[in-house]
Amino acid sequence: MDWRDHGILLTARRHGETAAIIEVFTETHGRHAGVVRGGASRKIAPILQPGAQLDVLWRARLQEHIGTFQVEPLRSRAAAAFSGRLALSGLNAVVALLSFCLPEREPHPGIYRQTEQLMDLLGQNEIWPLAYLRWELALLEELGFGLDLTRCAVTGTTEGLAYVSPKTGRAVSAEGAGEWADRLLPLPPVLRGQGAAPDGEIAAGLRTTGYFLAHCVAPSLGHTPLPEARARFVDQFTRRL
């Protein structure tokens, strides 16, 4: 059994004296693990940094085996990742959530392409948080927990939408919320792709997407809580507000 693909390195850990076990999110084979022989060597170890874009060749005797990887670097994102705390915490949040949320060996080409685009924006701190928020929305959609923000779940109106129901993930207008407003999640215009997307709105949007990641996605996987890397990124981002 063998296949070749390209993907984003999520994790790498030493295995024995000289090898490494890596996890790669590939375009057509999903999240996949394998052993890299010599992965702990001075030649290969610097390549195996989270976020790196790799060309990978996977081989195994049987499909269900962990198999081995041969890797070739396509591009490193280390310089962008280490350009500042926001970039590094953002990269860590992305790879941690992908490892946490995605089932093994199941292709998700749509979220793969959006992840690759997001990773290529690392270091561009003025636009990266908005791109990251949109990525979390896409991830929720990919996992079957997409938000319906088109019209009010109570009145049916498309105007004055201000909240999101934590139970249904549907938009609620200020009028429809009534006395329940304090129990609802914020719906800033940026979540609907409207307005200038100031940092305060992005932070409010991350509160809403974070709720559904923690209270819908994580329980569906039997995982709790979310990776701490996401909270660290949100904390790093909100410090600049």
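Just so you know, these numbers come straight off a predicted model, no measurement behind them.

So, how was this worked out
- Residues numbered from 1 in each chain as written.
- Predicted model: local features only at pLDDT ≥ 70, side-chain atom pairs only at ≥ 80, totals over all residues.
- Heavy atoms only, no water.
- Phe/Tyr/Trp six-rings, centres within 6.5 Å; stacked < 30°, edge-to-face > 60°.
- Helix = DSSP H or I, 4+ residues; strand = E, 2+ residues; numbered from the N terminus.
- Buried < 20%, exposed > 50% of the residue type's maximum accessible area, 1.4 Å probe, protein only.
- Axes fitted to C-alpha atoms, helices over the stretch in contact; angles between N-to-C directions.
- Parallel < 35°, antiparallel > 145°, perpendicular 65-115°, else oblique.
- Contact = heavy atoms within 4.5 Å.
- Nonpolar A, V, L, I, M, F, W, Y, C, P; charged D, E, K, R; others polar.
- Pairing = 2+ DSSP bridges.
- Core = buried A, V, L, I, M, F, W, Y, C linked by side-chain atoms within 4.5 Å.
- Salt bridge = Lys/Arg side-chain N within 4 Å of Asp/Glu carboxyl O.

**A word on the packing of aromatic side chains**
For any pair of aromatic rings, the description consists of the separation of the ring centres together with the inter-plane angle of the planes. In the structure shown here, the tally under the stated rule is nine aromatic pairs. Between W3 and F69, the ring centres sit 6.1 Å apart and the planes meet at 75 degrees, which makes this aromatic pair edge-to-face. Here W3, found in strand β1 (residues 2–15), pairs with F69, found in strand β5 (residues 68–75); they are 66 residues apart in sequence, far enough to count as distant. With respect to burial, W3 and F69 carry one shared label: buried.

**Quick notes on the packing of helix α2 (residues 85–101) against helix α6 (residues 199–221)**
Where α2 meets α6, the axes come as close as 10 Å, and the angle between the chain directions of the two elements is 45 degrees. As far as their axial angle goes, α6 and α2 are oblique. The segment α2 lies against α6, with L97, F100 and C101 engaging L213, V217, A218 and L221. Of the residues that constitute the contact of α2 with α6, the class distribution is seven nonpolar, no polar and no charged.

**Focus: the sheet that holds strand β8 (residues 185–186)**
One open sheet holds the three strands; their spatial order is β7-β6-β8, and the pairing between them is antiparallel. Strands with a single pairing partner mark the edges of an open sheet, and in this sheet they are β7 (171–173) and β8. Summarising the sheet, strand β6 (residues 161–164) and β8 pair through two bridges and their orientation is antiparallel. From the neighbouring strand, Y163 faces β8, where its bridge partner is P186.

**Notes on the pairing of β1**
Direction of pairing for β1 relative to strand β4 (residues 53–59): antiparallel, over a ladder of seven bridges. Looking across to β4, one finds that D2 is bridged to R59. One ladder, built from eight bridges, connects β1 with strand β2 (residues 19–26); its direction is antiparallel. Across the sheet, the residue bridging to H15 is A19, located in β2. Following β1, the chain reverses through three residues before pairing antiparallel with β2; G16 in that reversal takes a positive phi of roughly 70 degrees.

**Quick look at the nonpolar core**
By size, the foremost hydrophobic cluster in this structure holds 56 residues, and its most contacted members are V94, L97, Y132, W135, L139, L206 and F233. In this view, L97 contacts L102, Y132, W135, E136, L139, L213, L226, P227 and R230; residues no more than four positions away in its chain are not counted. By size, the runner-up hydrophobic cluster in this structure holds 15 residues, among which are V24, L48, L54 and V56.

**Focus on the pattern of salt bridges**
On inspection of all chains with the given rule, the structure shows eleven salt bridges. Between R77 and D120 there is a salt bridge whose closest N-O contact spans 2.9 Å. Placement of R77 in the loop between β5 and α1 (78–81) and of D120 in the loop between α3 (109–119) and α4 (128–142) is noted, with a sequence separation of 43 residues between them. On the accessibility criterion, R77 (5% relative accessible area) is buried.

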